[in-house]
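Geometric and topological summary
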Amino acid sequence: MVVDSNKKFKSSIEIMKAIISTNKKLFEIVGNELDIDLSPNPKIVRTAKDELKIMKESGELKKACKSK
């Protein structure tokens, strides 16, 4: 899971949703009883594979590999 940290407030919310989703009982309380949407925001959260694709397309991956 990769969280875009350029959007601090939204990133914090996404991290809290991810943590809540790891605990089944807590997920039931927050998601079902409180009716809060815990699905990840695709504009903020993505897989590592998607992040590498974005970095490759922007040229950032090549820069990161050269700096090591």
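Residues numbered from 1 in each chain as written. Predicted model: local features only at pLDDT ≥ 70, side-chain atom pairs only at ≥ 80, totals over all residues. Heavy atoms only, no water.

With respect to the helices and strands, the residue Val 45 is situated in strand β2 (residues 45–46). Classification of Val 45 as buried rests on a relative accessible area of 12%. The spacing of Val 45 and Ile 15 is 30 residues in sequence and 9.0 Å in space, taken between C-alpha atoms. Setting aside its immediate chain neighbours within four residues, Val 45 contacts Met 1, Val 2, Val 3, Glu 14 and Pro 40. (Helix = DSSP H or I, 4+ residues; strand = E, 2+ residues; numbered from the N terminus. Buried < 20%, exposed > 50% of the residue type's maximum accessible area, 1.4 Å probe, protein only. Contact = heavy atoms within 4.5 Å.)

The grouping of Phe 9, Ile 13 and Met 16 at the surface amounts to a nonpolar patch, some 330 Å² of accessible area in total. Counting through the fold element by element, Met 16 comes out in helix α1 (residues 8–21). (Patch = residues over 30% accessible without salt bridge, like charges linked within 9 Å, V, L, I, M, F, W, Y side chains within 5 Å. Areas by Shrake-Rupley, 256 points an atom, 1.4 Å probe, with all protein chains shown as cover. Salt bridge = Lys/Arg side-chain N within 4 Å of Asp/Glu carboxyl O.)

Turning to its location among the elements, Glu 51 is positioned in helix α3 (residues 48–58). Here Glu 51 falls in the buried class, since its relative accessible area comes to 19%. The contact partners of Glu 51, leaving out residues within four places of it in the chain, are Val 2 and Arg 46.

Any functional reading would require information beyond the geometric quantities listed.
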